[in-house]
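Chains, contacts and geometry: an overview
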Amino acid sequence: MTPPQSSAGVGSDLANSFSLAQTAFENLMAATVQAKESAETRFKWSKCLAVGLKLIAFFGGLAILIGLGEKVTRGVGILVAVAVGVDAVFLNHAKLLAFEQAADAYEVLIERMRNKFQNEHVLLVPIQSSQPVKFATEMVAMLTRLRNELFDSRQQISKALKAVNREALKALSLQVPIQGIPNVPAPSPPAAAPGASAP
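What you see is a predicted model; the values in this text were computed from it and never measured.

Side note on the packing of aromatic side chains
- Counted under the stated rule, the structure contains two aromatic pairs.
- Their ring planes at 70 degrees and their centres at 6.2 Å tell us that Phe18 and Phe135 sit as a pair that is edge-to-face. Of the two residues, Phe18 is situated in helix α1 (residues 12–66) and Phe135 in helix α4 (residues 132–172); the sequence distance between them amounts to 117 residues.
- Residue classification places Phe18 among the buried residues on the basis of a relative accessible area of 0%.

Section: the side chain of Ser153
- Mapped onto the secondary structure, Ser153 falls in helix α4.
- Judged by its relative accessible area of 15%, Ser153 falls in the buried class.
- In this structure the side chain of Ser153 is engaged in a polar contact, spanning 3.3 Å, whose partner is the side chain of Arg112.
- The contact partners of Ser153, leaving out residues within four places of it in the chain, are Leu109 and Arg112.

Comments concerning a nonpolar patch on the surface
- There is a patch of nonpolar side chains on the surface, built from Val51, Leu55, Phe58, Phe59, Leu62 and Ile66 and spanning about 600 Å² of accessible area.
- Relative accessible area serves as the criterion here: at 44%, Leu55 is assigned to the partly exposed category.

A word on the nonpolar core
- Counting residues in each nonpolar core, the largest one holds 32 residues, and the members touching the most others are Phe18, Phe117, Met139 and Leu143.
- Taken together, the elements giving at least two residues each to this core come down to α1, α3 (92–124) and α4.

Regarding the environment of Gly60
- Mapped onto the elements of the fold, Gly60 is located in helix α1.
- A residue is classified by how much of its surface remains accessible, and Gly60, at 4% relative accessible area, is buried.

Calculation rules
Residues numbered from 1 in each chain as written. Predicted model: local features only at pLDDT ≥ 70, side-chain atom pairs only at ≥ 80, totals over all residues. Heavy atoms only, no water. Phe/Tyr/Trp six-rings, centres within 6.5 Å; stacked < 30°, edge-to-face > 60°. Helix = DSSP H or I, 4+ residues; strand = E, 2+ residues; numbered from the N terminus. Buried < 20%, exposed > 50% of the residue type's maximum accessible area, 1.4 Å probe, protein only. Polar contact = N/O pair within 3.5 Å; in protein donor to acceptor, adjacent residues only side chain to side chain. Contact = heavy atoms within 4.5 Å. Patch = residues over 30% accessible without salt bridge, like charges linked within 9 Å, V, L, I, M, F, W, Y side chains within 5 Å. Areas by Shrake-Rupley, 256 points an atom, 1.4 Å probe, with all protein chains shown as cover. Salt bridge = Lys/Arg side-chain N within 4 Å of Asp/Glu carboxyl O. Core = buried A, V, L, I, M, F, W, Y, C linked by side-chain atoms within 4.5 Å.

Note that all results are geometric; they support no functional claim without further evidence.
As structure tokens, then:
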């Protein structure tokens, strides 16, 4: 998509607005693609960790059932306990699901934005040469609206991932987190003046 030039009947200010709107939308789309790839990578690592922990738990339990000697059984039991603890403390399974859902959400979002752009852009192509000012104005409005929609959707996905990370941080605490602000005791009533009789 080439920004309109002032020589084509569009003023330089409108041409600059078109260029800025286009660049902003394309940059945010590129950042969304990168976020999707990052979520996919983190999902793969979490999946590998989950599979490794499950294998340790499975073969460790099998070794204990078979009975390979007291020292070996004790060592395997410690290893299994560590594997279970790592999975529980760091909420690896929850992160695994969250990263998978985030990657899927980013993919759906990217496809939806591309589809909307194509559907709306094709309607404006017929006036690109005959009405360049209207074309540029409509394109700026469309790109701005799509960018805002893309930004809002990215924020929702990001908030969901941060919520999972907060739960993981809470799991690391040995204390129950304080809920809200504790109640402040009401002030004591003023002392009675000397010599004043009680009511």
